[in-house]
Amino acid sequence: MKNKVILIASDQFGKGDPGLGEVVLETFLVHLKQQKELPAAIFCMNRGVLTLTDQSLSHVHLKELEERGVPVYACKTCVDHYQAGDKLQTGKISGMDLFVSLAGQHEVLPVY
């Protein structure tokens, strides 16, 4: 995982029942943080920025990953669109230029 950037583009993992998708995303993050090798970074865009707020239980796991040294970023345009700037519990607001740079250096693993 150390050579990968996780792209979280939704507040749920997969299509279908939203409640199930939220649980699946949270389960993914629990297993991700238990890995020996952690990802190079996590970038959240679109509804994925909502996983960084207390609206989602995923923010707890993302905060733990950040505390373990994984940079966690939120797309500024998306944060502004969802008016989530003052609701972020973890992560740093960044521009798409950073994601493009990260994607040029690492393999991107999309979660949506």
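What counts and how
- Residues numbered from 1 in each chain as written.
- Predicted model: local features only at pLDDT ≥ 70, side-chain atom pairs only at ≥ 80, totals over all residues.
- Heavy atoms only, no water.
- Salt bridge = Lys/Arg side-chain N within 4 Å of Asp/Glu carboxyl O.
- Helix = DSSP H or I, 4+ residues; strand = E, 2+ residues; numbered from the N terminus.
- Buried < 20%, exposed > 50% of the residue type's maximum accessible area, 1.4 Å probe, protein only.
- Phe/Tyr/Trp six-rings, centres within 6.5 Å; stacked < 30°, edge-to-face > 60°.

Side note on the pattern of salt bridges
In step 1: Following the criterion strictly, the structure yields four salt bridges and no others.
In step 2: Among the ionic pairs, Lys4 bridges to Glu107, the shortest N-O distance being 3.3 Å. With Lys4 in strand β1 (residues 4–8) and Glu107 in strand β5 (residues 107–111), the pair connects residues that are 103 residues apart, well separated along the chain.
In step 3: Classification of Glu107 as partly exposed rests on a relative accessible area of 48%.
In step 4: Note that Arg47 and Asp11 form a salt bridge whose closest N and O atoms lie 2.8 Å from each other. Separated by 36 residues along the polypeptide, Arg47 in the loop between β2 (41–44) and α2 (58–67) and Asp11 in the loop between β1 and α1 (18–33) bring together distant segments of the chain.
In step 5: Under the relative-accessibility criterion, Arg47 is labelled partly exposed at 34%.
In step 6: Given a relative accessible area of 10%, Asp11 falls into the buried group.

Some details on the packing of aromatic side chains
In step 1: A complete count under the given rule lists three aromatic pairs for this structure.
In step 2: When the centroid spacing of 5.6 Å and the interplanar angle of 90 degrees are considered together, the rings of Phe13 and Phe28 count as edge-to-face. Taken as a pair, Phe13 in the loop between β1 and α1 and Phe28 in helix α1 lie far apart in primary sequence, 15 residues in all.
In step 3: Residue classification places Phe13 among the partly exposed positions, given a relative accessible area of 29%.
In step 4: Ring centres 6.5 Å apart and planes at 40 degrees place the aromatic pair Phe43 and Tyr73 in the tilted group. Of the two residues, Phe43 sits in strand β2 while Tyr73 sits in strand β3 (residues 72–75), which places them 30 residues apart along the sequence. Both residues of the pair, Phe43 and Tyr73, count as buried.
In step 5: Taken together, the ring pairs connect Phe43, Tyr73 and Phe99 into an aromatic cluster.

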